[in-house]
Amino acid sequence: MSTTAPRSTASQENHAQQDHAREDRLWTVEEHLEDILSTVRPLEPIELRLLDAQGCVLVEDVTVPVPLPPFDNSSMDGYAVRVADVTGASEEFPAVLDVVGDVAAGQEPGLRVGPGQAARIMTGAPLPPGAEAVVPVEWTDGGLGAGPATGMRARSQAPEGASGQVRVFRPAEAGAHVRRAGSDMKAGDRALTAGTVLGPAQLSLLASVGRATARVRPRPRVVVLSTGSELVPPGEPLKPGQIHDSNSFALTAAAREAGAIAYRVGAVADDAETLRTSVDDQLVRADLLVTSGGVSVGAYDVVKEALSGPAPAGGDNGGRGDDGDDGDEEAVAPGVEFRRVAMQPGKPQGFGLIGPDHTPVLTLPGNPVSSFVSFEIFVRPVIRALMGLPEDQLHRPRVRAVLAADEALSSPRGRRQFLRGRAEGDRVTPVGGPGSHLIGALAQANALIVVPEDVTSVEPGADVEVVLLG
């Protein structure tokens, strides 16, 4: 890790002026997001067992080593027969065949079906030599000498069913109720392509072709941390001036929904040193750190105090010296740049790389709606980028819809506004007002209505852009 010499007083003052100038700048949503995504890199691939790979992105093509299915097998419980022996069979004139034995799934056939013969066969069992088709047991008397059977008796209770005679009441064409070898996939076919997200169906396919592991980019580990001395965990009584911590639950759930392995940390009080210690403790298990609160311009905005400013002397933004000894240096090197973004809600934002592994951190506003909207616009794409997903899968889908409102919607000039809405079909209805504290309205929304920076009023019936949330 590289080291830097301590800055002179003049250099420190110049650096502080540059930081102040960047903080005063009003960033567009695109600029802030582009800066973040240009810094974040996908996680390195690893080999994982199948169930551990669920939700991960495959990094290599997978080809089929053997045909699927690997052999001709029965798709029904019934009797394996020769076509000529059941031609013209009916309930009035059934074909009467000698049963030569059973073929069960998982067994190699130890018998052959000759003229006038049949083998009782189970679903998934290999088609025995000589047989050309399978007649379902419901097309037969089941060897009972009566009308059509409804099923077979268990072999343990009626072993005689594997012998004797069976009456077949319907004909069958060649290949009837037979799954041919390679009818699903042939050896050498491409089963899955790199970039595929592994869900239950994909894991099933990998298992079917004999793969016990998959080479994937792992799901990012996201640590979510709320700040604020006023925050109390749900389930505990509130004292005057206190509120329950909802942000950490919302953001942790959102991170999991985006594909991450997310860890929620209890709220940290408004103390910079306590926050630095908490962050340092969490970095060991974080591919991404997300905080909420403490990023505005107040005297108690602890996130800005703890994570902004020049790095400690003798170390880069990794925060540790070359010899690996922490010494008296801060455990977490402040490497976050705090910005004003031209959006509502969510104007105060922060982004940087901290800790020995240069872990990305996104600092979000503390108001519940602000933090939620900020997550959707900035954090979700980062999680998806860490997973290794392509550009077109980083963001929520966006559609156009007709605004169904009783009156015009107002929006501040120069800010991109994200209003909560309920999208149904090609229409979207605003839910609640623009206040960034309205959690009740947020819980009813399934979309965000986007009002561009240069628009100050949107009339009912207008065509608007909508971000679909689910």
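The rules behind each value
Every chain is numbered independently, its residues counted from 1 as its sequence is written. Totals for whole chains, interfaces and linings use all residues, but because this is a predicted model, local features are given only for residues with pLDDT of at least 70 and pairs of side-chain atoms are given and counted only at 80 or more. Side-chain metrics rest on all non-hydrogen atoms present in the structure, leaving aside hydrogens and water. Helix numbering and strand numbering both begin at the N terminus, where a helix is a DSSP run of H or I of at least 4 residues and a strand a DSSP run of E of at least 2. Every residue pair with non-hydrogen atoms within 4.5 Å of one another is taken to be in contact. The pairing criterion is simple: DSSP has to find at least two bridges between the two strands. Relative accessibility decides the category of a residue: with a 1.4 Å probe and only protein chains considered, values under 20% of the type maximum give buried, values over 50% give exposed, and everything between is partly exposed. The term salt bridge refers to a pairing of a side-chain nitrogen on Lys or Arg with a carboxyl oxygen on Asp or Glu at a separation within 4 Å. In this text, buried Ala, Val, Leu, Ile, Met, Phe, Trp, Tyr and Cys residues form a nonpolar core when linked through side-chain atoms within 4.5 Å. N or O atoms within 3.5 Å of each other form a polar contact, as long as, within protein, one can give a hydrogen and the other can take it, and as long as residues adjacent in sequence are counted only when both atoms are side-chain atoms. The bend at a residue is defined as the angle formed between two axes, one fitted to the seven residues ending at that residue and one fitted to the seven starting there. In this analysis an axis means a line fitted to C-alpha atoms, helices contributing only their contacting stretch, and an angle means the value between N-to-C directions, from 0 to 180 degrees. To estimate the expected span of a helix, subtract one from its residue number and multiply by 1.5 Å. As used here, the arc belongs to the directions running from the helix axis to the C-beta atoms. Ring pairs shown here join Phe, Tyr and Trp side chains whose ring centres sit within 6.5 Å, with only the six-membered ring taken for Trp; geometry is labelled stacked below 30 degrees between planes, edge-to-face above 60, and tilted in between. Counting as a charge over the ring demands two things of the Lys NZ or Arg CZ atom: a distance within 6 Å of the ring centre and an angle within 35 degrees of the ring normal. Here is the rule for angles: anything less than 35 degrees is roughly parallel, anything more than 145 is roughly antiparallel, 65 through 115 is roughly perpendicular, and the remaining ranges are oblique. In this scheme the crossing of two helices becomes right-handed for a clockwise turn of the near helix relative to the far one and left-handed for an anticlockwise turn of less than a right angle. Think of it as three bins: nonpolar holds Ala, Val, Leu, Ile, Met, Phe, Trp, Tyr, Cys and Pro, charged holds Asp, Glu, Lys and Arg, and polar takes everything else, Gly as well.

J.: How should I be thinking about the overall build of the protein in this particular structure?
T.: Assigned secondary structure in the protein consists of 9 helices and 29 strands. Sequence-distant contacts in the protein: of pairs separated by 6 or more residues, those separated by 24 or more amount to 71%.

J.: I keep staring at the sheet that holds strand S13 (residues 213-217) and nothing clicks. Help me out?
T.: Strand pairs in the sheet, formed through backbone hydrogen bonds, run parallel or antiparallel to each other. Judged by pairing direction, the sheet is antiparallel, and its 3 strands sit side by side in the order S2-S13-S3 without closing on themselves. The open sheet terminates on both sides in strands that have one partner only, identified here as strand S2 (46-49) and strand S3 (57-58).

J.: Sorry, what's going on with the pairing of strand S18 (residues 288-292) here?
T.: Burial runs high along S18: 5 of the 5 residues are buried. Sheet topology places S18 next to strand S22 (residues 359-364); 4 bridges connect them, and they run parallel. Following the sheet pairing, Val 290 is matched in S22 by Leu 362.

J.: Would you mind going over the pattern of salt bridges with me for this structure?
T.: Pairing between side chains of opposite charge can happen when the charged atoms of each approach one another. Tallied over the entire structure, the rule returns 20 salt bridges. The closest approach of N and O atoms between Arg 120 and Asp 102, which form a salt bridge, is 2.7 Å. On the criterion of sequence distance, the pair formed by Arg 120 in strand S8 (residues 117-121) and Asp 102 in strand S7 (residues 95-103) is long-range, its members being 18 residues apart. With a closest N to O distance of 3.2 Å, Arg 339 and Glu 337 form a salt bridge. Judged by its relative accessible area of 4%, Arg 339 is buried.

J.: Help me out: how do you make sense of the environment of Ala 105 in this one?
T.: For Ala 105, the location among the structural elements is in the loop between S7 and S8. With residues up to four places along the chain from it excluded, the contact list for Ala 105 reads Met 122, Thr 123, Gly 124 and Ala 125.

J.: I tried to follow the nonpolar core on my own but got confused; where do I start?
T.: Grouped burial of nonpolar side chains is what soluble globular proteins tend to show. Leu 288, Leu 362, Phe 378 and Ile 383 are the most contacted members of the largest nonpolar core, which totals 43 residues. Residue assignment for this core shows that the elements contributing at least two residues are helix H2 (29-39), strand S14 (221-227), helix H5 (247-258), S18, S22, helix H8 (368-387) and strand S27 (447-451). Counting residues per element, this core draws most heavily on H8, which supplies 12 residues. Setting aside its immediate chain neighbours within four residues, Ile 383 contacts Pro 220, Val 222, Ala 255, Ala 258, Ala 260, Leu 288 and Phe 375.

J.: Sorry, what's going on with the side chain of Arg 384 here?
T.: Within the secondary structure, Arg 384 sits in helix H8. Polar contacts involving the side chain of Arg 384 include one to the main-chain carbonyl oxygen of Ala 258, which spans 3.1 Å. Apart from the residues lying within four places of it in its own chain, the contact partners of Arg 384 are Ala 258, Leu 389, Gln 393 and Leu 394.

J.: What's the story with H8 in this structure? I'm lost.
T.: Spacing of three or four residues puts side chains on the same side of an α-helix, whose turn is 3.6 residues. By the largest-angle criterion, Phe 375 marks the main kink of H8, which is about 45°. Among the 20 residues in H8, 20 count as buried, and that is most of the element. Downstream of H8 by a residue or two, Gly 388 has a phi angle that is positive, lying close to 90°.

J.: Explanation requested: the sheet that holds strand S10 (residues 165-168) in the structure shown.
T.: What the 5 strands build is an open sheet, ordered S9-S6-S8-S7-S10; its pairing is mixed. Looking at strand neighbours, the two that pair on one side only are strand S9 (133-136) and S10, the edges of this open sheet. Neighbour to neighbour, the strand axes of the sheet diverge by 40° on average, direction disregarded. One ladder, built from 4 bridges, connects S7 with S10; its direction is antiparallel. Within S10, the position partnered with Ala 95 by the bridge is Val 168.

J.: Whenever I open this one, H5 confuses me. Can you help?
T.: With 12 residues, H5 should cover 16 Å at 1.5 Å per step; its first-to-last C-alpha distance of 16 Å lies within 8% of that length. Where H5 is concerned, the buried positions are Asn 247, Ser 248, Leu 251, Thr 252, Ala 254, Ala 255 and Ala 258. Within H5, the buried residues cover an arc of 160° as seen down the axis, which keeps them to one side. Where H5 is buried, its residues contact S14, strand S17 (261-268), S18, S22 and H8. Downstream of H5 by a residue or two, Gly 259 has a phi angle that is positive, lying close to 120°.

J.: For this particular structure, what's the right way to read the packing of aromatic side chains?
T.: The relation between two aromatic rings is expressed through the spacing of the ring centres and the mutual angle of the planes. Inspection of every chain in the model, using the stated rule, returns 0 aromatic pairs. Above the ring of Trp 27, the side-chain terminus of Arg 25 is found at 4.0 Å from the ring centroid. Arg 339 extends its terminal NZ or CZ atom over the ring of Trp 27, reaching a point 3.8 Å from the ring centre.

J.: Which parts of the structure should I look at to understand the packing of H2 against H8?
T.: Axes are the key here: two packed helices are described by the angle between their axes and the distance separating the axes. Put simply, H2 and H8 touch, their axes get as near as 10 Å, and they point 25° apart. Comparing the axis directions of H2 and H8 gives the class roughly parallel. In the packing of H2 onto H8, the handedness of the crossing is right-handed. On H8, the residues touching Val 29, His 32, Leu 33, Ile 36 and Leu 37 of H2 are Ile 377, Phe 378, Pro 381, Val 382 and Ala 385. Across the contact of H2 with H8, the residue classes break down as 9 nonpolar, 1 polar and no charged.

J.: I'm lost on the environment of Ser 226 in this one. Help?
T.: Among the secondary structure elements, Ser 226 is positioned in strand S14. Looking at Ser 226, the relative accessible area reads 0%, which means it is buried. In sequence terms Ser 226 and Val 268 are 42 residues apart; their C-alpha atoms lie 6.3 Å from each other. Excluding its chain neighbours within four sequence positions, the residues that come into contact with Ser 226 are Leu 231, Asp 245, Asn 247, Ser 248, Val 265, Gly 266, Ala 267, Val 268 and Ser 292. Within the structure, the side chain of Ser 226 is placed 3.2 Å from the side chain of Ser 292, a separation counted as a polar contact.

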